[in-house]
Amino acid sequence: MPPQGAAPQKIALPGIKSVVAVASGKGGVGKSTVAANLALALRLQGQRVALLDADIYGPSVPIMMGLGQVDPEKTQFPIEKFGIKLMSMGFLVNPNQAVIWRGPMIDKYLRQFLMMIPWNDVDTMVIDLPPGTGDAQLTLTQAVPLSGAVIVTTPQEVSLIDARKGLEMFRQVRVPVLGIVENMSYFTGDDGKRYNIFRHGGGRKLAAEAGVPFLGEIPIDPRVAECGDAGEPIVQKHPESPIARSYQELAKTVQKELENQGAAPELPSL
C-alpha cells in the first residue's frame, strides 16, 4: 500500500506506446460511439490500435463491434475485430445480468484487463471510460500512464456543466486534457442546410474557457446508431461518409495533440 496521500504506483504497459482516455461528465452524449469510431479512424491512419471498454456496469463495445459473450476458458484475449484489439466486461458477463460491484472489485478487474492481457505492439490504446467521476475513472486516471484525455460533450448547457467536472478531474490527477470534441453538433438535412438541433458552439466555448484545444464537431447521422446496433461502426461501414471523415479528422487532431504532449507513436510511412 502506498503511504497515505501518495499517488498509487502506475501500471507498466510496455507493449503500448500511448493511452488515450475518452471520457464524459454524464451519460447520453455518445462517448462510447466516439471512442469506437476514433479507434477505427486511428486504425485507418495506419496505427496499431487497442480499444479497452472500461465501463464495467454498462459495456457497449461488444455490441458495437458485433461481438457478444464468450467462454473465457476457450478465448484468447484480447479479441481482435476490424483490425483492433478489444477487451470488455461484456465479453465475460451475460448482457442481461446486472453487475453489482463496489469499487475494489472494479479496480481488480480493470487492473487484470490491463496487466494480465498481452497488449503487444499497440501504438495507441483508446479507453472508453464510464461516464462520471467515480471509482473506475479514478482507478484508471491514477493508476494508468495516460497520455491524455478526450472530453466528449454535446452543445447544450446541461452537458457542458458535467463536461467541466470531468475535465477538472483529469486536471486534479495531472492527466493532460488533449481537448474537447462536440458530439451531435449539427444535422445536415436533405436540403443541404445545417440544423443546430441541440444548439451550437458549446464545446468550442468550453474549450476556450478551460484553455484546452477544441478537437472538432461530430455531426448527427441516423446511420451512426444503425451501424452501432448492427455491430459495424460507421467509420468501418461507411468510411467515405461525411461523419466518418469527421472522425478521421478527429483522429488526426488527437494524433497532433499527442505529438504536442510528446506521447505520440511514430506512424509508418505510407
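Bear in mind the structure is a predicted one, so any value in this text is a computation, not a measurement.

Across its full length, the chain holds nine helices and ten strands. Burial status across the chain gives 50% buried among its 270 residues. Of the contacts made within the chain by residues no fewer than 6 positions apart, 75% connect residues no fewer than 24 positions apart. Of the roughly 12800 Å² of accessible surface on the chain, 51% is carried by carbon and sulfur atoms.

We now examine the nonpolar core. Leu51, Met125, Ile127, Phe170 and Leu250 are the most contacted members of the largest nonpolar core, which has 82 residues in total. Setting aside chain neighbours within four positions, we find Ile127 in contact with Val19, Val20, Ala21, Val22, Leu52, Ala54, Leu140 and Leu146.

In this section: the packing of helix H1 (residues 31-44) against helix H9 (residues 242-261). The interhelical angle for the contact between H1 and H9, taken along N-to-C directions, is 75°, at an axis separation of 8 Å. In this view, H1 runs roughly perpendicular relative to H9, as classed from their interaxial angle. Note on element contacts: H9 touches H1 through Tyr247, Gln248, Leu250, Ala251 and Val254, opposite Thr33, Val34, Asn37, Leu38, Ala41, Leu42 and Leu44. Here the residues of the contact of H1 with H9 sort into nine nonpolar, three polar and no charged.

Turning to the pattern of salt bridges, a few remarks are in order. In this structure the tally under the stated criterion is eight salt bridges. When salt bridges with common partners are traced through the structure, they connect Lys17, Arg48 and Asp123 into a single cluster.

Right, let's talk about the layout of surface pockets for a bit. The calculated volume of the largest pocket comes to roughly 320 Å³. Around the largest pocket, the lining is made up of 22 residues, and of these Val29, Gly30, Thr33, Asn183 and Met184 lie nearest the centre. At the level of secondary structure, the elements contributing two or more residues to the lining of the largest pocket comprise H1, helix H7 (222-229) and H9. Residues of the lining of the largest pocket, tallied by class, amount to eleven nonpolar, eight polar and three charged.

When you line up the elements, Tyr57 lands in the loop between strand S2 (49-53) and helix H2 (61-64). Considering only alpha carbons, one finds Tyr57 and Ala136, 79 residues apart in sequence, at a separation of 9.9 Å.

With five of five residues buried, S2 lies mostly within the body of the structure. The alternating pattern of S2 places Val49, Leu51 and Asp53 and Ala50 and Leu52 on opposite faces, both of which are buried. With five bridges connecting them, S2 and strand S4 (residues 84-88) associate as parallel partners. Bridge pairing links Val49 to Ile84 in S4.

What follows concerns helix H6 (residues 202-210). Looking only at H6, the buried set comprises Gly202, Gly203, Leu206, Ala207 and Ala210. The buried residues of H6 occupy an angular sector of 135° when projected down its axis, which confines them to one face. What points out from H6, more than 90 degrees from its buried face, is the exposed set Arg204 and Ala208.

Within the open sheet, the eight strands sit side by side as S3-S4-S2-S5-S1-S6-S7-S10. Their pairing is mixed. At either end of the open sheet lies a strand with only one pairing partner, and these are strand S3 (79-81) and strand S10 (214-217). When strand polarity is set aside, the average angle formed by the axes of neighbouring strands in this sheet is 25°. Bridge count for S2 against strand S5 (residues 122-128) is five bridges, and the pairing is parallel. When the bridges of S5 are listed, Ala50 appears paired with Met125. Of the strands in this sheet, strand S1 (16-23), S2, S4, S5, strand S6 (148-153) and strand S7 (177-182) touch H1, which is tilted by about 170° from S5.

Glancing now at H9. Between its first and last C-alpha, H9 extends 29 Å over 20 residues, near the 28 Å set by a 1.5 Å rise per residue. Buried within H9 are the following residues: Ile243, Ala244, Ser246, Tyr247, Leu250, Ala251, Val254, Gln255, Glu257 and Leu258. Directly beyond the C-terminal end of H9, a positive phi value near 75° is found at Gly262.

Basis of the calculations
- Residues numbered from 1 in each chain as written.
- Predicted model: local features only at pLDDT ≥ 70, side-chain atom pairs only at ≥ 80, totals over all residues.
- Heavy atoms only, no water.
- Helix = DSSP H or I, 4+ residues; strand = E, 2+ residues; numbered from the N terminus.
- Buried < 20%, exposed > 50% of the residue type's maximum accessible area, 1.4 Å probe, protein only.
- Contact = heavy atoms within 4.5 Å.
- Areas by Shrake-Rupley, 256 points an atom, 1.4 Å probe, with all protein chains shown as cover.
- Core = buried A, V, L, I, M, F, W, Y, C linked by side-chain atoms within 4.5 Å.
- Axes fitted to C-alpha atoms, helices over the stretch in contact; angles between N-to-C directions.
- Parallel < 35°, antiparallel > 145°, perpendicular 65-115°, else oblique.
- Nonpolar A, V, L, I, M, F, W, Y, C, P; charged D, E, K, R; others polar.
- Salt bridge = Lys/Arg side-chain N within 4 Å of Asp/Glu carboxyl O.
- 1 Å grid on protein atoms, 1.4 Å probe; cavity = no way out; pocket = protein on both sides within 12 Å on 5 of 7 lines; lining within 4 Å.
- Points joined across faces, edges and corners; volume = space filled by probe spheres on them.
- Pairing = 2+ DSSP bridges.
- Arc of directions from axis to C-beta.
- Expected span 1.5 Å × (residues − 1).

The quantities given are spatial measurements derived from coordinates; they are silent on function.
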